[in-house]
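Here is what each chain is made of, one letter per residue.
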Amino acid sequence: VEDVVEDIGSISDKYLYKGVIGRTRIWKESLLKKIDLNVISNIDDFFSTISLSDPIDIKKIDLLISLFIGSINDIERVKDNIPSNNLDKVKQKIQLFDGDQTRFIYEKSEDKKIRIQGLSGTGKTELLLHKLKDLYVNDSSSKIFFTCHNKILADNLKKRIPSFFNFMKVEQQIEWGNRLWCAHAWGSSYSINSGAYQYICSYYQIPFYRYSYQMSFSRACKLAIDEIKYKFKSEEKEYAFTYMLIDESQDFDETFFDLCELVTEKNIYLAGDIFQSIFDENISNTIEPHFLLGKCYRTDPKTLMFAHGLGMGLFEEIKLRWLEEKEWKDCGYNVNIEGNKYYLSREPLRRFEDLDDEFESIKIVEITESFSNTVIRIIKEIQEENKTVSPDDIGIILIDGDKEVYELADKIELVIQRDIGWAVNKAYESKEKKSGTILISNRNNVKGLEFPFVICITKKINNNPSYRNSLYTMLTRSFIKSFLLTQPKSLTTGMKSSLQEIIDKNQMVIQEPTTA
């Protein structure tokens, strides 16, 4: 026990926890107690006697547990005060890895391609960052490429890596372009380091193909594979990378993974959504991951259930998509079947345990004025309830696919600047997330991003599969509250009553369709 206490104290000093939990001698005396298991006669009485009521002590215990299991939290985020509003309560909540997440970070695999799958918000990107840190530190001669399909996500990841390494106290300097790369998958002909495929073409001195109607990314990768194999058919080739990490792997087909495997010496880590789309067929049949994450840690379970139900048409007489029992369970649902009714629920998350029971994580807003004025009203409500809210905490997503969304974005930008005084970042133009701005985007430039508050705007619910899939993914971009703004009578009575069922009973009750 003394050795464990000493080790935790040392780790506490390294990650600057001491300013919050105090010196080892202090927390050891106040929070640790040796108990003989043989004297415990009633387990309920035992837990009652050791329970803590002081919020400060509870916070310190959570931090000690995080050190013990290696789930290091950024102490600048956690802080030493007890938050008073919902925004700070969730932001400062101490995060602890579950068993599957811990196995991914620390467990060694015999396979070269290692797949991790889970719903949006299950922590896949965060786990890739931890794996990146582990590989970078423990293999000092390694060359690592971290990539994804989407430009704005790649830009966000590249900005996150230095701050992540800093709070994890990585002593090695980041050698960009020598040991570590982070860029989207394709790249451009103007810069060798602009993309994984571009770098591979340059490294092996093979032709680089740009996108055209005749040249898809999959075809470009297939040509690269053929060129490399032909060029090195009679001699041994050098590997371009030691490791590759691929986020949002569902955006690629296997051809890109085959290319990555060809040019990578050791391991490729693929992190993807369990749904390539909520309209994928045979979901469980395509899932063969090494690690399957069922718990969504970003989004409140009520929001996730409503997003699934709305996206898949579960609240309508004719379902747009249906899953079998195993598929629901693979997606983290508790499933109880009575006759032809499915009772679907999700486990509560400790991230939201400090919020009031009546807190709404999902809200339907049927507009009675213009969309732009309604957005202003919601932002002011958020400001009133959360005094520390900043522009970075809110994302505004225009879900419809027509050109009118860009006119609406211009209007929203003007009223935000005029009435709120915040700078606006139109992500579909900038292709990056900018600090100190409120983000406005169409549905194509938000992948991999998350916000405490998301305002989703759509004129009318329609049955287009791509639209419904976007509706699901965009509503789950929030980790506190999602607002769905739409015109009156856009949502059916069944949609509204099903949301109320989710709010009241933490479950969806869905009639199984006669034909799946």
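Since this is a predicted model, take the numbers as computed values, not measurements.

Visitor: Help me out: how do you make sense of the overall build of the protein chain in this one?
Guide: Each helix and strand in the protein chain was counted, giving 21 helices and 15 strands. A globule of 516 residues ought to have a C-alpha radius of gyration of about 24 Å, and the protein chain, at 24 Å, matches this closely. Referenced to the eigenvectors of the C-alpha coordinate spread, the extents of the protein chain come out at roughly 75 × 65 × 55 Å. Total accessible area on the protein chain is roughly 24700 Å²; 46% of this is exposed by carbon and sulfur atoms. Taking the average location of the 69 positive side-chain charges in the protein chain and that of its 79 negative ones, the two points are 4 Å from each other.

Visitor: When you look at the packing of aromatic side chains in this model, what are you seeing that I'm missing?
Guide: Any two aromatic rings considered together are summarised by their centre-to-centre distance and by the angle between their planes. Under the definition given, this model contains 30 aromatic pairs. For the ring pair Tyr199 and Tyr203, a centre distance of 6.1 Å and an interplane angle of 25 degrees mean the geometry is stacked. Note that Tyr199 and Tyr203 are positioned in helix α11 (residues 196–204) at a spacing of four residues, about one turn of the helix. Relative accessible area serves as the criterion here: at 10%, Tyr199 is assigned to the buried category. Through successive ring pairs, a cluster of aromatic residues spans Trp186, Tyr197, Phe208, Tyr211, Phe217, Phe252, Phe256 and Phe257.

Visitor: Just to check I follow, could you spell out the packing of helix α17 (residues 371–385) against helix α18 (residues 404–420) for this structure?
Guide: Working note: a packed helix pair is described by the angle between its axes plus the distance between those axes. With their axes 9 Å apart at the nearest point, α17 and α18 run at an angle of 45 degrees to one another. As summarised for this structure, α17 and α18 are arranged oblique, according to the angle between their axes. For the crossing formed where α17 meets α18, the hand is right-handed. Of the residues in α18, those in contact with Phe371, Ser372, Val375, Ile376, Ile379, Lys380 and Gln383 of α17 are Leu408, Lys411, Ile412, Val415, Ile416, Asp419 and Ile420. Looking at the contact of α17 with α18 residue by residue, the class counts come to nine nonpolar, two polar and three charged.

Visitor: How should I be thinking about the sheet that holds strand β7 (residues 334–338) in this particular structure?
Guide: The strands that make up a sheet pair up through hydrogen bonds in the backbone, lying either parallel or antiparallel. In space, the three strands of this open sheet follow the order β7-β8-β15, with antiparallel pairing throughout. For this open sheet the edge positions go to β7 and β15 (508–511), each flanked by a neighbour on one side alone. Across the sheet, the mean angle from the axis of one strand to that of its neighbour is 25 degrees, orientation sign disregarded. Pairing geometry for β7 and strand β8 (residues 341–345), over five bridges, is antiparallel. Paired with Ile337 across the bridge in β8 is Tyr342.

Visitor: Got a minute to help me understand the sheet that holds strand β4 (residues 241–247) in this structure?
Guide: Spatially, β3-β2-β4-β5-β1-β6 is the arrangement adopted by the six strands of the open sheet, whose pairing is parallel. In this open sheet, the two strands that pair with only one neighbour each are β3 (180–184) and β6 (291–293). Neighbour-to-neighbour, the strand axes of this sheet turn through a mean angle of 15 degrees, independent of strand direction. Running at roughly 155 degrees to strand β5 (residues 264–273), helix α13 (residues 254–263) makes contact with β1 (113–118), β2 (144–148), β4 and β5 of the sheet.

Visitor: Honestly, the domain arrangement of the protein chain in this entry has me stumped. Any pointers?
Guide: Domain annotation for the protein chain reports domain 1 (1–82), domain 2 (99–293) and domain 3 (301–511). On a C-alpha basis, the centres of domain 1 and domain 3 stand 37 Å from each other.

Visitor: Just to check I follow, could you spell out the environment of Ile396 for this structure?
Guide: On the secondary structure map, Ile396 appears in strand β10 (residues 394–398). In the structure, Ile396 is positioned 233 residues away from Ser163 in sequence and 25 Å away in space, judged by C-alpha atoms. Excluding residues within four positions of it along the chain, Ile396 makes contact with Val375, Ile412, Ile416, Ile438, Leu439, Ile440, Ser441, Ile455 and Ile457.

What counts and how
Residues numbered from 1 in each chain as written. Predicted model: local features only at pLDDT ≥ 70, side-chain atom pairs only at ≥ 80, totals over all residues. Heavy atoms only, no water. Helix = DSSP H or I, 4+ residues; strand = E, 2+ residues; numbered from the N terminus. Rg over C-alpha atoms; globule rule 2.2 N^0.38 Å. Areas by Shrake-Rupley, 256 points an atom, 1.4 Å probe, with all protein chains shown as cover. Lys, Arg positive; Asp, Glu negative; His and termini not counted. Charge placed at Lys NZ, Arg CZ, Asp CG, Glu CD. Phe/Tyr/Trp six-rings, centres within 6.5 Å; stacked < 30°, edge-to-face > 60°. Buried < 20%, exposed > 50% of the residue type's maximum accessible area, 1.4 Å probe, protein only. Axes fitted to C-alpha atoms, helices over the stretch in contact; angles between N-to-C directions. Parallel < 35°, antiparallel > 145°, perpendicular 65-115°, else oblique. Left-handed = near helix turned anticlockwise from the far one by under 90°. Contact = heavy atoms within 4.5 Å. Nonpolar A, V, L, I, M, F, W, Y, C, P; charged D, E, K, R; others polar. Pairing = 2+ DSSP bridges. Domains from an automatic or database assignment.

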